[in-house]
Amino acid sequence: MGSKLTLGRAINTGLRQAMEADPKVLVMGEDVGKLGGVFRVTDGLQKDFGADRVIDTPLAESGIVGTAIGLALRGYRPVCEIQFDGFFFPAANQTFSQLAKIRRRSAGVLSVPVVIRIPYGGGIGAVEHHSESPEAYFTHTAGLRVVTAATPEDAYWAIQQAVASDDPVIFLEPKRRYYEKAEVDTDATLSAAPPLDAARVARPGSDATIVAYGPMVKTALQAAEADTERDIEVIDLRSLAPIDYDTVADSVRRTGRLVVVHEAPLTNGVGGEISARVTEECFYHLEAPVMRVCGFDTPYPQSRLEEYYLPDLDRILDGIDRAFAY
Amino acid sequence: MADTAKPKGGGTAKSSGGRRQNRKNDSPDLADESPKDLLDHYRRMLLVRRFEERTGQAYTQARIGGYCHLNLGEEATVIGLTSVLDERDYLFTNYREHGYAIAKGMSPRGVMAELYGRTTGVSRGWGGSMHMFDTETRLLGGYGIVGGQLPLATGAALAVTYRGGDEVVMCQMGDGTTNIGAWHESLNIASLWNLPIVYVVVNNFTGMGTTVEMASAEPDLYKRGSAFRIEGHRVDGRDVLAVRDAASGLVERARSEQRPFLLEAYSYRMKGHSVVDPAKYRTKEQAEEARDKANDPVAIFEERLLNAGVLTEDTKKEISDAVREEVADAADFAENSPHPDVSTLFDYTYATPVANESKRMPSEPVFAE
């Protein structure tokens with residue numbers, strides 16, 4: 001039987017499931033215990049699983065991620081919370097130099113199943129450090145899996161799959177969608193959920209494809225609905241590393257047009273990589289160049305200007321118009 | 001246990017007589033020691049010495065790629081520290097790790113083959129000089145980034161505590177590491193959560209070419225745990241027995257008291273930071289001091305054992321020959337081991353299957369229709 005959950009509550013429930021399923025799962029981060037996290041995603045977990053298993057750490061991102069790696073080397077499955085996207089950077093050394101590479105440099109002897117949860121993206125009226133979209137830093141590093149979730153249902157399953165994965169997973173949570181509610185079938189089994197790295201056709205269509213992920217999926221769907229003349233397909237990428245190019249290419253071969261949407265700055269973003277790959281794989285099917293509708297190449301703006309920075313319905317429709325101009 | 005004799009480091013070259021005097025005063029009496037153990041320490045120190053000399057040679061002959069940091073001058077520290085660890089205890093080291101790998105129980109063959117980048121290496125050739133791992137002997141890595149191993153070792157100690165085990169984690173590092181952020185985060189966490197870990201600072205007086213005095217506002221490195229209420233001790237890293245006793249006390253206290261400790265062991269780095277480093281930052285006097293036999297842990301111990309009659313010229317030759325043979329065998333083994341096949345280029349990156357993983361080699365078609 002399903003129940004209506006917010007995206008934040010869905011992750012909380014998924015974490016709870018993961019902790020019940022495997023005693024090796026630990027949660028750690030700044031104020032994740034008593035407070036339940038700034039966004040209350042870990043709310044109640046410490047009360048139910050104890051302060052040993054849901055650990056309030058010092059304010060020390062490098063120490064949190066590094067200590068989690070050490071735990072993972074000894075067989076545990078730590079889930080770290082980084083409080084905000086921009087707070088990740090002190091942990092970059094541990095993430096890029098150790099977490100992503102220990103398996104490779106130990107020739108597969110050691111796996112490091114750490115999950116780093118990061119509330120990311122803008123739209124909450126905050127400034128830089130609190131509104132950034134750092135996904136491309138992660139996707140440029142082999143050895144990491146990078147996933148997002150656009151819906152409560154996806155978030156519920158994806159967090160459990162991320163915890164169960166033997167690879168390190170960067171779990172990007174669209175913080176401005178935390179409070180959006182939808183039906184989640186919490187009685188289904190984990191094995192029945194779609195794979196962690198499979199994209200999802202969020203809205204079928206035949207004239208053009210929008211690829212989006214995380215917080216932009218909802219905006220892309222709104223744009224597709226608003227376009228009364230053309231039948232737009234929307235793909236929710238879900239996994240950013242690896243990317244499910246089969247689903248993307250299959251769609252583009254049917255529609256001939258692709259618009260990639262993300263909040264992160266345009267240059268060297270995930271959209272550029274998708275554009276290159278689709279051009280390689282679907283060149284003869286394309287009716288137009290791949291268009292990108294993204295954040296601008298600036299630091300995240302101050303709160304009164306963020307609505308201009310973030311791709312919205314109009315900018316996405318404009319991107320579709322440009323794809324149809326060819 | 002704390003040795004109050006302050007090392008002069010690379011700062012000023014002085015006659016080392018005074019320091020040797022200190023060492024002799026502080027060091028355990030050989031008469032109280034088992035001759036068998038003493039000879040075993042000596043043999044193991046000599047093995048590290050000869051292994052590293054052979055490594056340096058192989059590196060300059062381009063048999064070993066990348067960069068290569070040797071334990072020459074740190075043999076007493078390497079053997080003293082590892083001799084007190086149980087098989088169940090964990091060791092994390094930095095990039096100057098060949099000696100530690102052998103001393104923790106990896107075969108010289110596997111270590112040399114790893115340096116050569118061959119498939120028979122302890123990390124199948126993928127780790128190289130700075131990244132040897134062995135879950136069997138519980139060496140959980142050399143780490144190439146300064147300070148990279150500190151939070152990891154701290155996490156491994158947390159795992160021990162969480163599980164309620166009685167293992168101890170030893171985390172070795174160089175003097176320069178005490179200035180990096182991970183040091184502070186790790187020591188704070190270890191003390192806050194009462195973790196059974198011994199941080200060991202191997203102070204060779206220079207972070208590459210920058211002296212401790214130039215880099216650390218508190219150059220007495222063993223004091224640097226005090227802000228975290230971590231008890232620190234200093235020991236003469238040229239004296240294998242002194243290192244052994246200092247480390248032994250702290251490892252057992254970490255085990256019984258469930259607390260972190262800090263040990264500083266000072267000794268000279270006989271060569272540059274890595275094999276290719278000409279060490280131009282050293283004055284003539286400093287270079288002489290680093291090469292001085294009076295500061296050479298192997299020579300010091302050998303002389304003591306000879307004077308005490310524990311080692312005879314005959315046994316010395318016997319041990320020396322056996323060690324040379326073992327090192328030659330390791331080098332031959334490495335030399336004759338296969339290089340990794342190019343087909344393994346994409347291996348080990350992920351533990352789980354990755355959809356659409358790009359594995360195209362230059363000769364393969366762009367489109368896999």
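If you're wondering where the values come from, they're calculated on a predicted model, not measured in any experiment.

Now for the overall build of chain A. For chain A, the helix and strand inventory stands at 12 helices and 14 strands. Its C-alpha atoms give chain A a radius of gyration of 19 Å, near enough to 20 Å, the size a compact globule of 326 residues would have. Counting only C-alpha atoms and orienting by the principal axes, one finds that chain A spans roughly 60 × 45 × 40 Å. Scored against the burial criterion, the 326 residues of chain A give a buried share of 63%. Restricting the contact set of chain A to residue pairs at least 6 apart, pairs at least 24 apart contribute 81%.

All names here are of chain B. In spatial order, the strands read β1-β2-β3-β7-β6; together these 5 strands make up an open sheet with parallel pairing. Whereas interior strands pair on both sides, the edge strands pair on one side only; in this sheet they are β1 (90-92) and β6 (231-236). On average, adjacent strands in this sheet sit at an angle of 20° to one another, irrespective of strand direction.

Turning to the pairing of strand β7 (residues 261-266) of chain B, a few remarks are in order. Residue and element names in this part refer to chain B. Of all 6 residues that make up β7, 6 are buried, and the element is covered over most of its length. Across the two faces of β7 the burial is the same, with Phe 261, Leu 263 and Ala 265 and Leu 262, Glu 264 and Tyr 266 all buried. Relative to β7, strand β3 (residues 197-203) runs parallel, the two sharing 6 bridges. Counterpart to Tyr 199 in the pairing with β7 is Leu 262. When β6 meets β7, the two strands line up parallel, connected through 6 bridges. When the sheet's bridge partners are listed, His 233 is paired in β7 with Leu 263. In this fold, β6 hands off to helix α9 (residues 240-257), which returns the chain to β7; that crossover is right-handed.

Once that is clear, we can look at the nonpolar core. As a rule of thumb, soluble globular proteins bury nonpolar side chains together. Core analysis: the biggest nonpolar cluster contains 81 residues, and Leu 73, Ile 102, Leu 237, Ile 274 and Val 278 of chain A together with Phe 92 and Ile 197 of chain B have the highest contact counts within it. Per-domain counts for this core show at least three residues from each of domain 1 (3-192) and domain 2 (200-323) of chain A. In this view, Val 278 of chain A contacts Val 248, Val 252, Leu 258, Phe 283, Leu 286 and Val 290 of chain A; residues no more than four positions away in its chain are not counted. Core analysis: the second largest hydrophobic core is formed by 63 residues, Tyr 100, Val 111, Val 235 and Leu 311 of chain B among them.

Before going further, it helps to spend a moment on the domain arrangement of chain A. All names here are of chain A. Taken as a whole, chain A is organised into domain 1 (3-192) and domain 2 (200-323). The C-alpha-based centres of domain 1 and domain 2 are spaced at 26 Å. With 28 residues of domain 1 at the interface, the matching set in domain 2 holds 25 residues. Across the contact surface, domain 1 and domain 2 share 4 salt bridges. A salt bridge links Arg 176 to Glu 263, with the shortest nitrogen-to-oxygen separation between them at 2.3 Å. At the boundary of domain 1 with domain 2, the tally comes to 13 residue pairs in polar contact (both at pLDDT 80 or more).

This paragraph deals with the sheet that holds strand β7 (residues 169-174) of chain A. Residues and elements named next belong to chain A. With mixed pairing, 7 strands are arranged side by side in an open sheet as β3-β2-β4-β5-β7-β6-β12. The open sheet is flanked by β3 (54-56) and β12 (239-241), the only strands paired with a single partner. Averaged over all pairs of adjacent strands, the angle between their axes in this sheet comes to 20°, without regard to strand direction.

Attention now goes to the packing of helix α1 (residues 7-21) of chain A against helix α7 (residues 152-164) of chain A. Residue and element names in this part refer to chain A. Between α1 and α7, whose axes approach to 8 Å, the crossing angle comes to 30°. With respect to α7, the element α1 is oriented roughly parallel. As for how α1 packs across α7, the hand of that crossing is right-handed. Facing Leu 7, Ala 10, Ile 11, Thr 13, Gly 14, Leu 15, Gln 17 and Ala 18 of α1, the residues of α7 in contact are Pro 152, Ala 155, Tyr 156, Ile 159, Gln 160 and Val 163. Classifying every residue of the contact of α1 with α7 by side-chain character gives 10 nonpolar, 4 polar and no charged.

The next subject is the packing of aromatic side chains. Counted by the stated rule, this structure contains 19 aromatic pairs over all chains. Centroid distance Phe 88 of chain A to Phe 96 of chain A: 5.9 Å. Interplanar angle 75°. Geometry classified as edge-to-face. Residues Phe 205 of chain B and Tyr 268 of chain B carry aromatic rings whose centres are separated by 4.9 Å and whose planes lie at 65° to one another, so their mutual orientation is edge-to-face. Within this pair, whereas Phe 205 of chain B is found in the loop between β3 and β4 (206-207), its partner Tyr 268 of chain B is found in the loop between β7 and α10 (284-291), the two being separated by 63 residues in sequence. A single burial state applies to Phe 205 of chain B and to Tyr 268 of chain B, both of which are buried. Here the aromatic residues Phe 39, Phe 84, Phe 87, Tyr 178 and Tyr 179 of chain A are joined through ring pairs into a cluster of three or more. Here the guanidinium or amino end of Lys 24 of chain A rests over the ring plane of Tyr 76 of chain A, the centre of that ring lying 4.8 Å away.

Residue and element names in this part refer to chain B. Turning to α10, its buried residues are Gln 286, Ala 287, Glu 289 and Ala 290. Down the axis of α10, the smallest arc covering the buried residues is 160°, so these residues share one side. Among the exposed residues of α10, those pointing more than 90 degrees away from its buried face are Lys 284, Glu 285 and Arg 291.

This part covers the layout of surface pockets. Residue and element names in this part refer to chain A. Approximately 340 Å³ is the volume found for the second largest pocket. The set of elements that each furnish at least two residues to the lining of the second largest pocket consists of α6 (135-139) and β13 (258-265). Considering each element in turn, the lining of the second largest pocket owes the most residues, 3 residues, to β13. For the lining of the second largest pocket, the per-class residue count stands at 8 nonpolar, 6 polar and 3 charged. Two domains each donate at least three residues to the lining of the second largest pocket, and these are domain 1 (3-192) and domain 2 (200-323).

Basis of the calculations
- Residues numbered from 1 in each chain as written.
- Chains lettered and ligands numbered in written order.
- Predicted model: local features only at pLDDT ≥ 70, side-chain atom pairs only at ≥ 80, totals over all residues.
- Heavy atoms only, no water.
- Helix = DSSP H or I, 4+ residues; strand = E, 2+ residues; numbered from the N terminus.
- Rg over C-alpha atoms; globule rule 2.2 N^0.38 Å.
- Buried < 20%, exposed > 50% of the residue type's maximum accessible area, 1.4 Å probe, protein only.
- Contact = heavy atoms within 4.5 Å.
- Pairing = 2+ DSSP bridges.
- Axes fitted to C-alpha atoms, helices over the stretch in contact; angles between N-to-C directions.
- Right-handed = clockwise from strand over helix to strand, strands pointing away.
- Core = buried A, V, L, I, M, F, W, Y, C linked by side-chain atoms within 4.5 Å.
- Domains from an automatic or database assignment.
- Salt bridge = Lys/Arg side-chain N within 4 Å of Asp/Glu carboxyl O.
- Polar contact = N/O pair within 3.5 Å; in protein donor to acceptor, adjacent residues only side chain to side chain.
- Parallel < 35°, antiparallel > 145°, perpendicular 65-115°, else oblique.
- Left-handed = near helix turned anticlockwise from the far one by under 90°.
- Nonpolar A, V, L, I, M, F, W, Y, C, P; charged D, E, K, R; others polar.
- Phe/Tyr/Trp six-rings, centres within 6.5 Å; stacked < 30°, edge-to-face > 60°.
- Lys NZ or Arg CZ within 6 Å of the ring centre and 35° of its normal.
- Arc of directions from axis to C-beta.
- 1 Å grid on protein atoms, 1.4 Å probe; cavity = no way out; pocket = protein on both sides within 12 Å on 5 of 7 lines; lining within 4 Å.
- Points joined across faces, edges and corners; volume = space filled by probe spheres on them.

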